[in-house]
Amino acid sequence: MEGLKGVLLVLLVSSALFTSGFSSPATVPSFLWSPRHLGSSFPGAKEIVNYHVISPEGLAKSVMLEGGWSNILCSGRNLQKPVDYAVVFVGEKLQSSDISKNKYIDPDLVDLLKLSFTKSNSSIAYPYVTASDEKETMENYLISAFTENCGVLGVNDIAFLESCSIVGEDLTKLAGLHSIHDYIGSRVEMEQKGTQLIVVCNKGSQELGHAQSEGEILSELVSLLEHSGASYSILYASNPFKSLHHPSVHAMDRFLAEDVSGNDSANVTLCDGVCQIKSSLLEGIFVGIVLLIILLSGLCCMIGIDTPTRFENAPDS
């Protein structure tokens, strides 16, 4: 009976290890904030945290409904005083596990996100968003989901940096942060009304002669919007695996430099999300097999020991 219980225990552990590769997908954080209330489904929504694990499509839907972006993006549903700029910033630094660490990859970025989340009049945090796959970028996921939820986007224009990968027509492509400055300045001069949707993707900008951190780029963008006097709402979405699927020029240069230096980098392959799931699955199976072998070996040893089931009493002296 004890041996049967042991076998059942090993089977349960093995099944848990077997499914562990599917139960914990890689997640990234997202933050939405605005200095003004956007008429969301939660009146006075501030410092709300959505702890559900959601997909990029689910993030876009929540931003539209709970975050109030449906009032500023959808045609015919604009507020009397619409937000001038709806900004989607797609980074490549943070994962969900990075938020709780004492040492951050980009402390300026984390501090800015936390400050914006706590000080803004409207703010929502999404700690667990599943990362986009290699077939489609996070920014394209979000824009497509916004369009699907609205039916027809009611923004005046959609502008995006050339580092972003967005599929669509009648879009304005911007060369860099300096182009965003000119874009906002021209809109102020022409006194255009309505909402502009701007998509910014970070891929290691070096416009100032040195590699700008993601926190510096986002902080510069926020300062630009503040100084222009425009009303805005910003959605920060992290996609750290994007650099593996769409390597930047600097990453490719480093890769080629390592290859030329004599390293065997030509044989190196990157492990994407599917690869990580398979590796976790194989690890679980291997550990389960080892535990099962140990259990069977112990049972064989116990069976081989000829231990009497009853001992006779010692004779009286």
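Our structure is the block above this text.
Bear in mind that the values here come from a model prediction, so they are computed numbers and not experimental data. (Residues numbered from 1 in each chain as written. Predicted model: local features only at pLDDT ≥ 70, side-chain atom pairs only at ≥ 80, totals over all residues. Heavy atoms only, no water.)

Chemist: Account for the sheet that holds strand S1 (residues 27-34), with residues named and values stated.
Modeler: What links the strands of a sheet is backbone hydrogen bonding, and the strands pair in either a parallel or an antiparallel sense. Sheet architecture is open: 8 strands sit in the order S2-S4-S1-S8-S3-S7-S5-S6, paired in mixed fashion. The open sheet has two edge strands, strand S2 (48-49) and strand S6 (172-174), and neither has a second partner. Taken together, the 6 bridges between strand S3 (residues 85-91) and strand S7 (residues 196-201) define a ladder with parallel strand orientation. Residue pairing in the sheet places Ala86 in a bridge with Leu197 of S7. Its contacts with the sheet put helix H2 (residues 56-65) on S1, strand S4 (122-130) and strand S8 (232-238), and the angle it makes with S4 is roughly 170°. Contacts from helix H7 (residues 214-228) reach S1, S3, S7 and S8, with the element oriented near 175° to S3. (Pairing = 2+ DSSP bridges. Helix = DSSP H or I, 4+ residues; strand = E, 2+ residues; numbered from the N terminus. Contact = heavy atoms within 4.5 Å. Axes fitted to C-alpha atoms, helices over the stretch in contact; angles between N-to-C directions.)

Chemist: Explain the pairing of S3 to me, and be specific about the residues and the numbers.
Modeler: With 7 of 7 residues buried, S3 is to be regarded as a mostly interior element. Residue alternation in S3 divides its side chains into two sets, Tyr85, Val87, Phe89 and Gly91 and Ala86, Val88 and Val90, and both sets are buried. (Buried < 20%, exposed > 50% of the residue type's maximum accessible area, 1.4 Å probe, protein only.)

Chemist: Which residues make up the environment of Pro107, and what values go with them?
Modeler: Note that Pro107 resides in helix H4 (residues 107-119). With 107 residues separating them along the chain, Pro107 and Glu214 place their C-alpha atoms 9.7 Å apart.

Chemist: Break down the packing of H2 against helix H5 (residues 138-150) for me, with residues and values.
Modeler: Following both chains from N to C, one finds H2 and H5 inclined at 50°, their axes separated by 9 Å at the closest point. When the axis of H2 is compared with that of H5, the two are oblique. Of the two elements, H2 crosses H5, and the hand of that crossing is right-handed. For the pair formed by H2 and H5, the contact residues are Pro56, Glu57, Leu59, Ala60, Lys61, Val63 and Met64 on the first element and Met138, Tyr141, Leu142, Ala145, Phe146, Asn149 and Cys150 on the second. (Parallel < 35°, antiparallel > 145°, perpendicular 65-115°, else oblique. Left-handed = near helix turned anticlockwise from the far one by under 90°.)

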